Amino acid sequence: MSLFAIMISSILVNNYVFARFLGICPFLGVSNKMETATGMGIAVTFVTTLASVITYIIQHAILNNLGLQYLQTIVFILVIASLVQFVELALKKISPGLYSAMGVYLPLITTNCMVLGVAILNIQEGFNLIQTTTNAVGASLGFFLALVLIAALREKMDIADIPESLAGFPITLIAAGLMSIAFAGFAGLV
Amino acid sequence: MSAILNPVVVLGGLGLLFGVLLSIASKVFAVYVDPKVEEILNALPGANCGACGFPGCAGLAGALADGKAPTNACTIGGQKVANHVAEILGVNAATFDKKVAVVLCQGDCDKAKDKYKYHGIKDCRIQTTLAGGQKECSYGCVGCGSCFDVCEFNAIRMINGIAVVNAENCTACNKCVEICPKNIIELVPYESHAVVKCMSKDPGKLVRSYCSVGCIGCQICVKNCPTDAFSFENNLARINYDKCINCMVCVEKCPTNAIDNTSIISEEFAKRFAS
């Protein structure tokens, strides 16, 4: 598969939020404002890309050589948790406003199944290092795209006249479902 | 042996490596946090009610440490918290003037007439949308208890169709004031006991026709007040609590008993709050 195909596939066709249904927690949790959504997108992009590269190296350099493939999940989680901790420290210093805006969802990147999902799928697909990086960047861009799209919709929905019983999360979930159907239109593109 | 040793070494080694890297990062990205913030946060009630106007207790703690909020900013903490905060900050505590919410309506089921019987959802905001509520008086308490529902401090009871606030439990968190669709809940100083419990801006004759305890705009209170604490506007008397000396002349003179002495507690009131 060419790098371009991998990129398009991970951003649109197999969008990790809309097609694989991974990373739904931050997708709903921090998508009420454009600013926090963008911040979260950047943080996840950073963590996913770096985590994919590091886990690729660990998988091939250590786990495969020693026949310890069964440690994959726990080692990957260790890598991701450390990276999230690192991002948290850095963000606290660089942008305290963004840090408090993301609140509990920042440490929750640790349990963002998309990050772990991308890392594991990279290994399963048998990608090399460059393909892994491409896929990770694509996946996080796809997540970023989903987050920004839903945040833009939610900002509009905040001021729209929505029946009281649907206001808030219900209408967001309906919108997310419709977006997921829309993204199904990309199937067969690659 | 290596089957056990390898995973232990790999996992332990990686953990150690990341631990060391993170500890270096925490030194590089260290942020100085004022220890006072933490101390103040512990002194605050931690209810995160937002009555101070800051986003939760943490927001107020930050503002207090920066000197951007007065030491008595926490309305529910009272003088005790104000003193504690002042002690931490090393400044003199601002005196805390405790306020309590008062429902400015006495038109209960016996005293005020209804224009229809409401059998809908028990929510004042919904009842108000139906021709302004079931009471003939369009200013009075509609009695569905939205303030009771929103009160987190067990300070409101619905007694005979109107909301009544218990001053002892009330912390002036402002929640009932915000939710009341009739805007008839007001924060008054705890020490002031004479309160005009009516919000009707209708002319006196009309008020008399639907409520026996409404302000009819006779201005007897205005004329008799020794400290000129009353103002009169839109057929309604209002008390300036800064001037009120609790002489209770107005309470005695008011022909419809629209001015109430809040320090006198009715039997029903005591019973409902005791249970």
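Residues numbered from 1 in each chain as written. Chains lettered and ligands numbered in written order. Predicted model: local features only at pLDDT ≥ 70, side-chain atom pairs only at ≥ 80, totals over all residues. Heavy atoms only, no water.

**What about the side chain of Ser31(A)?**
Residue and element names in this part refer to chain A. To keep it simple, the criterion reads: Starting at the N terminus, helices and strands are each numbered in turn, a helix being any DSSP run of H or I of at least four residues and a strand any DSSP run of E of at least two. For every residue, the accessible area obtained with a 1.4 Å probe (protein chains only) is divided by the maximum for its type, and the residue is called buried under 20%, exposed over 50%, and partly exposed between those limits. What qualifies as a polar contact is a pair of N or O atoms within 3.5 Å, subject to a donor-acceptor requirement within protein and to the restriction that residues adjacent in sequence count only when both atoms come from side chains. Any pair of residues with heavy atoms lying within 4.5 Å of one another is described as a contacting pair.
In this structure, Ser31 sits in the loop between helix 2 (24-29) and helix 3 (34-66). Owing to a relative accessible area of 0%, Ser31 belongs among the buried residues under this scheme. A distance of 2.7 Å separates a polar atom in the side chain of Ser31 from the backbone oxygen of Phe27. A polar side-chain atom of Ser31 sits 2.8 Å from a polar atom in the side chain of Arg154. Apart from residues lying up to four places away in sequence, Ser31 is in contact with Pro26, Ala37, Leu147, Ile150, Ala151 and Arg154.

**Quick look at the confidence of the model for chain B**
Residues and elements named next belong to chain B. Definition in use: The predictor rates its confidence in each residue with pLDDT, a number between 0 and 100.
On average, residues of chain B score 86 in pLDDT, and 99% of them are at 70 or above. Put simply, helix 11 (residues 267-274) is where chain B has its lowest mean pLDDT, 78, and helix 6 (residues 146-150) is where it has its highest, 91. Scored as a whole, the predicted complex attains pTM 0.55, and scored at its interfaces, ipTM 0.76.

**Description of the packing of helix 2 (residues 35-43) of chain B against helix 4 (residues 78-89) of chain B**
All names here are of chain B. Threshold: The angle between two axes is taken between their N-to-C directions and runs from 0 to 180 degrees, where each axis is a line fitted to C-alpha atoms and a helix contributes only its stretch in contact. Should an angle lie under 35 degrees it is considered roughly parallel, over 145 roughly antiparallel, and from 65 to 115 roughly perpendicular; all remaining angles are considered oblique. Should the near helix be turned anticlockwise from the far one by less than a right angle, the crossing is left-handed, and should it be turned clockwise, the crossing is right-handed.
Direction vectors running N to C along helix 2 and helix 4 enclose 165°, while the axes themselves pass 10 Å from each other. If you check the angle between helix 2 and helix 4, you find them roughly antiparallel. The interaxial crossing formed by helix 2 with helix 4 has right-handed handedness. Contacts between helix 2 and helix 4 involve Lys36, Glu39, Ile40 and Ala43 on the former and, on the latter, Val81, His84, Val85, Ile88 and Leu89.

**Some thoughts on unusual backbone geometry**
Residues and elements named next belong to chain B. Of note, the phi angle at Ala131 is positive, near 50°, even though the residue is not glycine. On the secondary structure map, Ala131 appears in the loop between helix 5 (124-129) and helix 6. Its identity as a non-glycine residue notwithstanding, Asn234 has a phi of 50°, on the positive side. Along the chain, Asn234 turns up in the loop between strand 6 (230-233) and strand 7 (236-239).

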